[in-house]
Amino acid sequence: MKKSGILMIIGSALLLGLFIYPLWNIQLEAPQYPDPLGMNIYINGIQGEEEFDIQNIDGINHYIGMKKIPTPAEMWEFNTFPIVIGGMAALGALLGILGFFRIIHPNWFLGWLILMTFLGILGMMDFNNWLTDYGTDLDPKAIMKLTDSEGNPLSYKPPLLGSQKILNFTAHSYPRAGAYLMFVGMLLTLVAWWIGKKANETMAK
Amino acid sequence: MKNIFKIAVLGVLGLFIQSCGNDESSGEKSGAITSNAAERVYVAPGEHDEYYAFLSGGYSGNLTVYGLPSGRMLKEIPVFSQFPTNGYGYSEETVPMLNTSFGFVPWGDSHHPDISQTEGELDGRWIFINENNTPRIARISLETFETEEIIEIPHSAGNHSSSFITENTEYVVAGTRFSVPYPQEDMAIDQMKGNFKGPLTFIAVGEDGRMNIDFQLKMPGFNYDLSHPGRGDSHGWFFFTTYNTEEAHTMQEVNASQNDKDFIAAVNWKKIQEYVENGGGEEIAAEYAHNVFDHSTQAATTTMKNKVLTVDPREVEGAVYFMPTPKSPHGCDVDPSGEYIVGNGKLSTDLTVHSFSKMLKAIENKDFDGDAYGIPILNFDSTLAGTVKEGGLGPLHTEFDGKGNAYTTFFISSEVVKWKLGTWEVLDRQPSYYSVGHLMIPGGNSREPYGKYMISMNKITKDRYLPTGPELEHSAQLYDISGEKMELLLDFPTHGEPHYAAGIPAEKIKSQSKKIYRLDENEHEYAATSESETKMERDGNEVHVYMTTVRSHFSPDNLEGIKVGDKVFFHVTNLEQDFDVPHGFAMIGANTSELLIMPGQTKTITWEPKKEGVWPFYCTDFCSALHQEMQGYVRVSGQNSNVPLKWTLDDEEIN
Ligand SMILES: [Cu+2]
């Protein structure tokens, strides 16, 4: 149980990487932007890859009537996510310590992981909803109103994951270091549960 | 009668020489270019050139930037001439750059660019260039590629032996080509001899680049043609060629060509600097403008100065010597080691090369052949390092490849000749098309030349390109000099007179090149750094408009309350913070020019409306898909109307 407790502590601590590194990144690439415009999405706000990228993305987006990139004050997520991530990391560490001293069963680790996965899926859904809203809820006075072949208004939603052509831009949407650390951390908690369970079974024999 | 005969002889000789030269060169014309030359100058789309080349524009007053080896023109930097392309010399902020003691001088004759150096190597901080006609020296930032400072040179005339820089950018010099009364006075011209002087001006350059005239050397009234600083062992010396040591005041083409030898003046500036630091020299009245452009306020200011320190060279022991040099020498070039000083006698076939170490020995031995106005003349043979014999006809300028070779242009025989330092043997010659003046090897003016390419700057273009009427652009030719023989790779037209050039590896500049001006560092007095700050203010009959631009609108775009007889100042701030997104501003009936405003920058143009009506303004730089819609209106009411000032965007008042 000692080893699994330590792994549980390390795994949940890796979530804290989200306070340093971006979770996600969206890049807009076009011939006239040899250095693509990019934004890094952190759990507490959005920042341009280069200092003036956000201003320049907003400048381009205004042609199609997109809203400006939100500030932390304009989105509840940027205030709530840090609390959730911080809380989950603390909870995971607490469970790890309790597991280390064999106070609780490793199944608690699995429970934490299931909760974290559930929250993660909720987060991704929320992110996707935001992208959809951002890409489709356009100013009716927009300068350019484009429709697809069936006459429906074009959506400018960037993909949740992957690359996609949007007008003259190619949008690339991929996880960044914060997300990778979180995935590794969650994987470690799974390993912690597995090792802890094995150890318990050996002891029981 | 005698003089007319002389002129006739010279004229016939000139024609004969010219036609000879051309016959010789046209014979080799077709076979001169190797088959893969195109590949060697080809820079693929999207790729960058290896070198920046800065060619002076001569009578354009400006400096043009080219890429090498492609020969593509990258930019024209306005320096001494008004430039409607971007409003330089027209906008309120840049008008002071062209102030002089003669008033506003909107045109110049830019000649010799030189890049700043540290320990004898190009450092890519600034490029300096002289103005010949109204003596001035400019400093251009290589971060912004903009002229930051212009200093007028008082008491000088024909500022030609300039703007060459010592090896740690301690000084940039401004020599006078025309001798003049010093200080100026009303005097019979035929009283010139012995009364005119040739002041040589040493301008100290600060760490921040700021220029300041340290002293003026009061030299005899010869014509100081070209100059070069010493380097290495000869660092601390400056060498100037002279002509018209005859001090003729008329028909100089004949009368200034009578002496078999003129001089190279060797000036020990360190000695004079020390003398000046110890309180030497005499302050005399002078009147000159010092114009500085400040990037934070984005405005230039003129300071008029009224004194200059003059130094009589005879009062500083060992400060100046004359080295006799045959046949009206033009170019004065010092090799990268600093040992050889090449004087090109423009009326001869030979080059005279002096040795710095022999010069020092001759000085030590007091090996003098008399003096000129109290300045010792060194014995010709004691300073002579060697002579390049029969190089061609009419040598002008020499540059060096850093591999022990020198390259000299010959104007009359229209060719570039490669020769070896030390042995003085001619190694190669290539015809130039046609009549070459200066040549340039990147870094050829420093201790570390980049001896891969050489460009020659030719005065006559004739049949090189499609004809464009009697007026043709000049031509430059690019040679590969990395091998034993020079190879002509490319020629390209250049703007104005490409008088001289300076070149530098691209990587020494491009990484530090500025992309935008930061709005949050904009301290322009009339900047509006957001649309909410835009407004109009009336002060008597002056109206100040604080305007912004962003893709694709102005704020405000409807302006009312302006009256006939007002003087309207449009202060336009470009809110973009994106590389290469300028906006323009043009106003119907403006008597100045347009503005071209870089991202984050503020520029001001004045407009004096003369007619009532509603008058449009618009953006001149194709900035976006909606550039055409980037426009607005100004309502102009009668002189006695009482329409209040009103400024709106989207029909809403801004506040
Ligand atoms: Cu525009």
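Residues numbered from 1 in each chain as written. Chains lettered and ligands numbered in written order. Predicted model: local features only at pLDDT ≥ 70, side-chain atom pairs only at ≥ 80, totals over all residues. Heavy atoms only, no water.

As a further point, take the overall build of chain A. Check the secondary structure of chain A and you find five helices and five strands. Its helices and strands taken in sequence order, chain A reads α-β-β-β-α-α-α-β-β-α from the N to the C terminus. For 205 residues, the compact-globule formula gives about 17 Å, and the C-alpha radius of gyration of chain A, at 21 Å, lies well above that figure. Taken along the three principal axes of its C-alpha coordinates, chain A extends 70 × 35 × 30 Å. Burial statistics for chain A: of 205 residues in total, 42% are counted as buried. For chain A, the share of sequence-separated contacts (at least 6 apart) that also reach a separation of at least 24 residues comes to 66%. Charge centroids of chain A, computed over 13 positive and 16 negative side chains, lie 17 Å from each other. (Helix = DSSP H or I, 4+ residues; strand = E, 2+ residues; numbered from the N terminus. Rg over C-alpha atoms; globule rule 2.2 N^0.38 Å. Buried < 20%, exposed > 50% of the residue type's maximum accessible area, 1.4 Å probe, protein only. Contact = heavy atoms within 4.5 Å. Lys, Arg positive; Asp, Glu negative; His and termini not counted. Charge placed at Lys NZ, Arg CZ, Asp CG, Glu CD.)

This part takes up empty space enclosed by the protein. Residues and elements named next belong to chain B. One pass over the full model with this rule turns up one cavity of 30 Å³ or more. There is about 70 Å³ of room inside the largest cavity. Along the walls of the largest cavity sit 14 residues, with Asp 114, Gly 443, Asn 445, Ala 502 and Gly 503 positioned nearest its centre. Listing elements by their share of the lining of the largest cavity, those giving two or more residues are β6 (114-118) and β34 (501-505). (1 Å grid on protein atoms, 1.4 Å probe; cavity = no way out; pocket = protein on both sides within 12 Å on 5 of 7 lines; lining within 4 Å. Points joined across faces, edges and corners; volume = space filled by probe spheres on them.)

With that settled, the discussion passes to the interface of chain A and chain B. Contact with chain A, which involves ten residues of that partner, is made by 13 residues of chain B. If you sort the residues of chain A by the area they bury against chain B, A:Phe52, A:Asn56 and A:Tyr63 come out on top, with a joint share of 48%. At the surface where chain A touches chain B, the tally comes to one salt bridge. The salt bridge involving B:Arg518 is made with A:Glu51; its shortest N-O contact spans 2.5 Å. Where chain A meets chain B, there are six residue pairs in polar contact (both at pLDDT 80 or more). Looking at the side of chain A that touches chain B, the elements with two or more residues in it are β2 (33-42) and α2 (53-61) of chain A. By residue class, the composition of the side of chain A that touches chain B is four nonpolar, three polar and three charged. (Buried area = accessible area lost by both parts, 1.4 Å probe. Salt bridge = Lys/Arg side-chain N within 4 Å of Asp/Glu carboxyl O. Polar contact = N/O pair within 3.5 Å; in protein donor to acceptor, adjacent residues only side chain to side chain. Nonpolar A, V, L, I, M, F, W, Y, C, P; charged D, E, K, R; others polar.)

This next bit is on the UniProt feature "transmembrane region" (unreviewed entry) in chain A. Residues and elements named next belong to chain A. Per the UniProt record, "transmembrane region" (unreviewed entry) is found at residues 7-24, 81-101, 108-125 and 177-196. For the annotated span residues 81-101, helix accounts for 95% and strand for 0% of the residues, and the straight-line distance between the end C-alpha atoms is 30 Å. For residues 108-125, the end-to-end C-alpha separation is 26 Å, with 100% helix and 0% strand making up the annotated structure. (UniProt positions renumbered as here; feature names shortened; annotations may be inferred.)

Residues and elements named next belong to chain B. Spatially, the four strands line up as an open sheet ordered β26-β27-β28-β29, and their pairing is antiparallel. Looking at strand neighbours, the two that pair on one side only are β26 (395-400) and β29 (426-431), the edges of this open sheet. On average, adjacent strands in this sheet sit at an angle of 20° to one another, irrespective of strand direction. Sheet topology places strand β27 (residues 405-410) next to strand β28 (residues 415-420); six bridges connect them, and they run antiparallel. Bridge pairing in β28 links Thr 408 to Val 417. (Pairing = 2+ DSSP bridges. Axes fitted to C-alpha atoms, helices over the stretch in contact; angles between N-to-C directions.)

Our focus in this paragraph is the domain arrangement of chain B. Residue and element names in this part refer to chain B. According to the domain assignment, chain B contains domain 1 (52-508) and domain 2 (526-653). Relative to domain 2, the C-alpha centre of domain 1 lies at a distance of 44 Å. Tallying the contact residues gives ten residues for domain 1 and 13 residues for domain 2. Note on domain 1 versus domain 2: buried area summed over both sides is about 920 Å², and carbon and sulfur give 45% of it. Of all residues in domain 1, Tyr 90, Glu 92 and Gln 298 give up the largest surface area on contact with domain 2, accounting jointly for 44% of the area buried on that side. Run the count over domain 1 and domain 2 and you get zero salt bridges. Counting across the interface, domain 1 meets domain 2 through four residue pairs in polar contact (both at pLDDT 80 or more). When the residues that make up the side of domain 1 that touches domain 2 are grouped by side-chain class, the tally is two nonpolar, five polar and three charged. (Domains from an automatic or database assignment.)

For the structure shown, the criterion picks out 26 salt bridges over all chains. In this structure, B:Lys261 engages B:Asp260 in a salt bridge whose closest nitrogen and oxygen atoms are separated by 3.9 Å. Overall, the relative accessible area of 30% leaves B:Lys261 in the partly exposed class. Under the relative-accessibility criterion, B:Asp260 is labelled partly exposed at 46%. B:Asp260 is paired through a salt bridge with B:Lys327; the nearest N and O atoms lie 4.0 Å apart. With B:Asp260 in the loop between α3 (252-255) and β16 (261-268) and B:Lys327 in the loop between β19 (320-326) and β20 (329-334), this residue pair connects regions lying 67 residues apart in the sequence. The network of salt bridges with common partners includes A:Glu51, B:Arg518, B:Asp520 and B:Glu521.

Below, the discussion takes up the sheet that holds strand β31 (residues 453-458) of chain B. Residue and element names in this part refer to chain B. Ordered by their spatial adjacency, four strands build an open sheet running β30-β31-β32-β33, and the pairing between neighbours is antiparallel. At either margin of the open sheet sits one strand with a lone partner, and together these are β30 (436-440) and β33 (487-494). Each adjacent strand pair in this sheet contributes to an overall mean axis angle of 25°, direction not counted. With seven bridges joining them, strand β32 (residues 474-480) and β33 adopt antiparallel strand pairing. The partner of Asp 480 across the bridge, within β33, is Glu 487.

Now for the coordination of the copper ion. Residues and elements named next belong to chain B. Protein coordination of the copper ion is provided by His 583 (ND1), Cys 619 (SG), Cys 623 (SG) and Met 630 (SD), with donor distances spanning 2.2 to 2.5 Å. Metal-centred angles of 97 to 128° between the four donor atoms at the copper ion mark the site as tetrahedral. Taken in sequence order, the residues that donate to the copper ion follow the motif H-x35-C-x3-C-x6-M. Taken together, the residues His 583 in strand β40 (residues 583-587) and Cys 619 in the loop between β43 (613-618) and β44 (631-637) connect sequence positions 36 residues apart. A relative accessible area of 0% places His 583 in the buried class. The class of Cys 619 is buried, set by a relative accessible area of 1%. (Donors = N, O, S within 2.8 Å, 3.2 Å for Na, K, Ca; no water. Tetrahedral: all angles 85-135°; square planar, octahedral: opposite > 155°, others 65-115°.)

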